[in-house]
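Report on the structure
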Amino acid sequence: MPFLEKIAVPPGTIGIWQLAETSSELLTGIQLSKIEKTSFNTIKNERRKKEYLAVRALLKKMAGSDFKIFYEKSGRPQLKNYPLNISISHSADLAVIFLSKENAGIDVENTGRKIAPVAKRFLSEAEITHTENSSDKQLMQTIYWSAKEAIFKCTYEENIRFNSQIMIEPFELEEKGNFRGTLKTEHRTFMFELNYFRIGNNVVVYCVEM
């Protein structure tokens, strides 16, 4: 079973699952509800099937039971009859879950993903300059992307412009670390504490609203 790790962090718990099994293998370890079966049967792509099932297998591993995930109209995941918030993400080879008592978000990205061609879509001019002057531009831009995705998942706001509304404060690149970010809307400014760490060829970033 490719369950990799369960990490306790101040706001909650992060679970990590390696996407190494086939969808058929994953199915043997979990009990899908009728609604989940219907949803799963609409998925044709094997990778998407693995992601769908791995998240539920990981949740069972973390929570100790087959709690059910449902989605709000915004696409934000929630848990039925479970007192914690949930945030979910996937990369090519990992599925991650963040369970937290607080409003939180998480994102995982492969560090080899081609970020530079779309950098201007999600980075401000100042952020582009900072990442280009770092010791590893590719990794830094991946962390920035992942951080902004985590912040977006942590809010109920819609139609957010990543390059002008979500701002990341400069930080020094290390194997793991923390920094801060803000989301500015028409009505208020949200502030976030973010942490990141590397696992294999992936970076995981998670955030909590301050």
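Refer to the structure presented above.
Residues numbered from 1 in each chain as written. Predicted model: local features only at pLDDT ≥ 70, side-chain atom pairs only at ≥ 80, totals over all residues. Heavy atoms only, no water.

Remarks on the sheet that holds strand 8 (residues 166-168)
Filter applied, for reference: Between any two strands, at least two bridges found by DSSP are needed for them to pair. The way it works is that DSSP assigns letters per residue, a run of H or I at least four long becomes a helix, a run of E at least two long becomes a strand, and they are numbered from the N terminus. Every angle, taken between N-to-C directions, lies between 0 and 180 degrees, and every axis is a line fitted to C-alpha atoms, over only the stretch in contact when it is a helix. Residues are treated as being in contact if the distance between any of their heavy atoms lies within 4.5 Å.
An order of 7-11-10-9-8 is seen for the five strands of this open sheet, with the pairing classed as antiparallel. In this open sheet, the two strands that pair with only one neighbour each are strand 7 (104-110) and strand 8. The sheet shows a mean angle of 25° between the axes of neighbouring strands, direction not considered. In the packing of helix 6 (residues 137-153) onto the sheet, contacts are made with strand 7, strand 8, strand 9 (176-184), strand 10 (189-199) and strand 11 (202-209), and the angle to strand 7 comes to roughly 150°.

Quick notes on helix 6
Worth spelling out the cut-off: By this rule, a helix spans an expected 1.5 Å times one less than how many residues it contains. Exposure categories follow from relative accessible area, calculated using a 1.4 Å probe and restricted to protein chains: below 20% of the type maximum is buried, above 50% is exposed, and the middle band is partly exposed.
A rise of 1.5 Å per residue sets the reference length of helix 6, with its 17 residues, at 24 Å; its end C-alpha atoms lie 24 Å apart and thus fit the reference within 8%. With 13 of its 17 residues buried, helix 6 lies for the most part within the structure.

Considering the environment of Leu99
Along the chain, Leu99 turns up in strand 6 (residues 94-100). Given a relative accessible area of 4%, Leu99 falls into the buried group. Note: C-alpha distance between Leu99 and Thr185 (86 residues apart in sequence) is 26 Å. If we skip the residues at most four places from it in the chain, Leu99 touches Pro11, Gly12, Thr13, Leu59, Met62, Leu79, Tyr82, Leu84, Asn85 and Ile86.

A word on helix 3 (residues 46-63)
In plain terms, the rule: Pairs of N or O atoms are called polar contacts if they sit within 3.5 Å, as long as, within protein, a hydrogen donor faces a hydrogen acceptor (for residues adjacent in sequence, only side-chain-to-side-chain pairs).
Taking 1.5 Å as the rise per residue, helix 3 with 18 residues should run 26 Å; its terminal C-alpha atoms sit 26 Å apart, in good agreement. Where helix 3 is concerned, the buried positions are Lys50, Glu51, Tyr52, Leu53, Ala54, Val55, Arg56, Ala57, Leu58, Leu59 and Met62. Of the residues that open helix 3, the one with a side-chain oxygen 2.9 Å from the backbone nitrogen of Arg47 is Asn45. Where helix 3 terminates, the next one or two residues include Gly64, which has phi positive at roughly 85°.

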